[in-house]
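# Structural description and commentary
Here is how the chains run, residue by residue.
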Amino acid sequence: MALAVAGVVGGSPEDMGPQIFAGATMAFFWKLGSLALEDDPQDAGALLKEGFALLHATLAAVTAPRA
């Protein structure tokens, strides 16, 4: 995941931005998997909305120009 993000935003996969986004993405996927095992579609719908908003904000933060 970090390699893919680094390829898009520039830099190295070991840089903090791609690593943070990769970690957030993997945590999101892990939580979705947990909910799938619990089989609760209401929780999954809310998590999808919140999760994608968080990933969008995280990607915006790691691609923002540095001061």
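All values derive from a computational prediction rather than experimental measurement.

### Overview of a nonpolar patch on the surface
- Residues Met1, Met26 and Phe29 make up a contiguous nonpolar surface patch of roughly 300 Å² in combined accessible area.
- A relative accessible area of 43% means that methionine 1 is categorised as partly exposed.

### Structural notes on the nonpolar core
- Grouped together as the largest cluster of nonpolar side chains are seven residues: Val5, Phe21, Ala24, Phe28, Leu35, Leu47 and Leu55.
- Those elements that provide at least two residues to this core are α2 (16–38) and α3 (41–63).
- If you tally residues by element for this core, the top one is α2, at four residues.
- Look past the residues within four positions of leucine 47 in its chain and what remains in contact with it is Phe28, Lys31, Leu32 and Leu35.

### Regarding the confidence of the model for the protein
- On average, the protein scores 84 in pLDDT, and the residues at 70 or more come to 91%.
- Across the protein, the element-wise mean pLDDT spans from 82 in α3 up to 88 in helix α1 (residues 2–9).

### Observations regarding the environment of glycine 17
- Here glycine 17 is to be found in helix α2.
- Under the relative-accessibility criterion, glycine 17 is labelled buried at 8%.
- Sequence-wise, glycine 17 and histidine 56 are 39 residues apart; in three dimensions their C-alpha atoms are separated by 13 Å.

Conventions we followed
Residues numbered from 1 in each chain as written. Predicted model: local features only at pLDDT ≥ 70, side-chain atom pairs only at ≥ 80, totals over all residues. Heavy atoms only, no water. Patch = residues over 30% accessible without salt bridge, like charges linked within 9 Å, V, L, I, M, F, W, Y side chains within 5 Å. Areas by Shrake-Rupley, 256 points an atom, 1.4 Å probe, with all protein chains shown as cover. Salt bridge = Lys/Arg side-chain N within 4 Å of Asp/Glu carboxyl O. Buried < 20%, exposed > 50% of the residue type's maximum accessible area, 1.4 Å probe, protein only. Core = buried A, V, L, I, M, F, W, Y, C linked by side-chain atoms within 4.5 Å. Helix = DSSP H or I, 4+ residues; strand = E, 2+ residues; numbered from the N terminus. Contact = heavy atoms within 4.5 Å. pLDDT = per-residue confidence, 0-100.

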